[in-house]
Amino acid sequence: MAAQFWLLLRRLYLTLYNWTVLFGWLKVLYLAVQTLGESGHEHVYDAVQRPLQLAQTAALLEIIHVLVGLVRSPITATLPQIGSRLYLTWGILWSFPQTQSHILVTSLVISWSITEIIRYSFFGMKEALGFAPSWLLWLRYSSFLLLYPTGITSEVGLIYVALPYIKASEKYCIRMPTQWNFAFDYFYASIVCLGIYVPGSPHMYSYMLGQRKRALSKSKRE
């Protein structure tokens, strides 16, 4: 009885989580497309800033979901994806307003939002109904073929665009001497982050290709 109650509680929570964040990303996409058409790409970030920050930051819960066993995703895949997005959301776009009017913000926001709308609707339906339609399964495991490259290109491009502003501002830097005998330079840390994309992006793309092969093969057998 206790096990059944736990499974029901888990299902209710994950259903609520997935559908709530889905509506957040739907709002992000709607505002981005509307603003792009009416005012141009320079104003997209201003329109989506708050819902984007809320929807993306909510993904921190997914790390907790993995750690406590609510979902079976590997932490080695979940942590880099969420970490890189939070870095862009807060460490680049919010921290350095000079980047906010760049056209890459539009491609970033649209790539992210379409990806997440598909993902959260897929898992939301699976948790709520116990299944997802075949077309949504295909989108879940195929849309990344286009959206991952556009998203990653936008992420890398925006970090690069931000580098001069990071260096000039010295924001988040810790200079010696300090009571902790520790120094930190956000400019060089950002360059390291850029470097991580070089091996990290192909690795994640290969991981998702493997996921796609397994998921679509399984659906054909069923």
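Residues numbered from 1 in each chain as written. Predicted model: local features only at pLDDT ≥ 70, side-chain atom pairs only at ≥ 80, totals over all residues. Heavy atoms only, no water.

Ranked by size, the top nonpolar core spans 45 residues in total, and within it Trp25, Val48, Leu52, Leu88 and Ile166 carry the most contacts. Contact partners of Val48, with chain neighbours within four places excluded, come to Val28, Leu31, Ala32 and Val109. Judged by nonpolar contacts, the second largest core, of 9 residues, contains Ile118, Phe122, Met125 and Ala132. (Core = buried A, V, L, I, M, F, W, Y, C linked by side-chain atoms within 4.5 Å. Buried < 20%, exposed > 50% of the residue type's maximum accessible area, 1.4 Å probe, protein only. Contact = heavy atoms within 4.5 Å.)

Here the focus is the confidence of the model for the protein. Counting all residues, the mean pLDDT for the protein is 94, and 99% of those residues have values of 70 or more. At the level of individual helices and strands, the protein shows its lowest average pLDDT in helix H8 (residues 186-221), which scores 91, and its highest in helix H2 (residues 44-57), which scores 98. (pLDDT = per-residue confidence, 0-100. Helix = DSSP H or I, 4+ residues; strand = E, 2+ residues; numbered from the N terminus.)

Turning next to the environment of Thr78. Secondary-structure assignment places Thr78 in helix H4 (residues 75-94). For Thr78, a relative accessible area of 9% translates into the label buried. Between the C-alpha atoms of Thr78 and Leu60, which are 18 residues apart in sequence, the distance is 9.7 Å. Leaving out residues up to four positions away in the same chain, Thr78 has contacts with Glu62, Ile63, Val66 and Ser73.

For the rest of this paragraph, the subject is the UniProt feature "transmembrane region" (unreviewed entry) in the protein. Under the UniProt annotation, "transmembrane region" (unreviewed entry) lies at residues 12-33, 102-123, 144-166 and 186-210. Secondary structure over residues 102-123 splits into 95% helix and 0% strand, and the C-alpha atoms at its two ends are 32 Å apart. In this annotation, residues 144-166 is assigned 100% helix and 0% strand; the end-to-end C-alpha distance for the span is 30 Å. (UniProt positions renumbered as here; feature names shortened; annotations may be inferred.)

Let's shift gears to the packing of aromatic side chains. Each aromatic ring pair is described using two quantities: the centre-to-centre distance and the angle formed by the ring planes. Within the structure shown, the criterion is met by 13 aromatic pairs. A ring pair is formed by Tyr17 and Tyr120, whose centres lie 6.0 Å apart and whose planes are at 70°; its orientation type is edge-to-face. With Tyr17 in helix H1 (residues 2-38) and Tyr120 in helix H5 (residues 103-129), the pair connects residues that are 103 residues apart, well separated along the chain. For the pair Tyr17 and Tyr120, a shared accessibility class is recorded, and that class is buried. Ring centres of Phe122 and Tyr141 lie 6.0 Å apart, and the angle between their planes is 85°; on these two criteria the pair is classed as edge-to-face. Remark: Tyr141 occurs in the loop between helix H6 (134-140) and helix H7 (144-169) and Phe122 occurs in helix H5; sequence separation between them is 19 residues. Residue class for Phe122 comes out buried when judged on its relative accessible area of 3%. (Phe/Tyr/Trp six-rings, centres within 6.5 Å; stacked < 30°, edge-to-face > 60°.)

It is the contact of H4 with H7, at a shortest axis distance of 11 Å, that shows an interaxial angle of 35°. Classified by chirality, the crossing of H7 by H4 is left-handed. Contacts between H4 and H7 pair Ser84, Arg85, Tyr87, Leu88, Ile92 and Leu93 from the former with Glu155, Leu158, Ile159, Ala162 and Ile166 from the latter. The class makeup of the residues in the contact of H4 with H7 is 8 nonpolar, 1 polar and 2 charged. (Axes fitted to C-alpha atoms, helices over the stretch in contact; angles between N-to-C directions. Left-handed = near helix turned anticlockwise from the far one by under 90°. Nonpolar A, V, L, I, M, F, W, Y, C, P; charged D, E, K, R; others polar.)

The next thing to look at is the pattern of salt bridges. Close approach of charged atoms allows side chains with opposite charge to pair. According to the stated counting rule, one finds 6 salt bridges in the structure shown. Glu127 serves as the salt-bridge partner of Arg10, at 3.5 Å between the closest nitrogen and oxygen. Of this pair, Arg10 sits in helix H1 while Glu127 sits in helix H5, placing them 117 residues apart in sequence. For Arg10, a relative accessible area of 22% corresponds to the partly exposed category. For the salt bridge of Arg175 with Asp185, the shortest nitrogen-to-oxygen distance reads 3.0 Å. One end of the pair, Arg175, is in the loop between H7 and H8; the other, Asp185, is in the loop between H7 and H8, and 10 residues separate them in sequence. (Salt bridge = Lys/Arg side-chain N within 4 Å of Asp/Glu carboxyl O.)

It is worth spelling out a nonpolar patch on the surface at this point. Where nonpolar side chains cluster on the molecular surface, the patch consists of Trp90, Trp94, Tyr172, Trp180, Phe182 and Phe184 and spans about 660 Å² of accessible area. Summarising the element assignment, Trp90 is placed in helix H4. A residue is classified by how much of its surface remains accessible, and Trp90, at 32% relative accessible area, is partly exposed. (Patch = residues over 30% accessible without salt bridge, like charges linked within 9 Å, V, L, I, M, F, W, Y side chains within 5 Å. Areas by Shrake-Rupley, 256 points an atom, 1.4 Å probe, with all protein chains shown as cover.)

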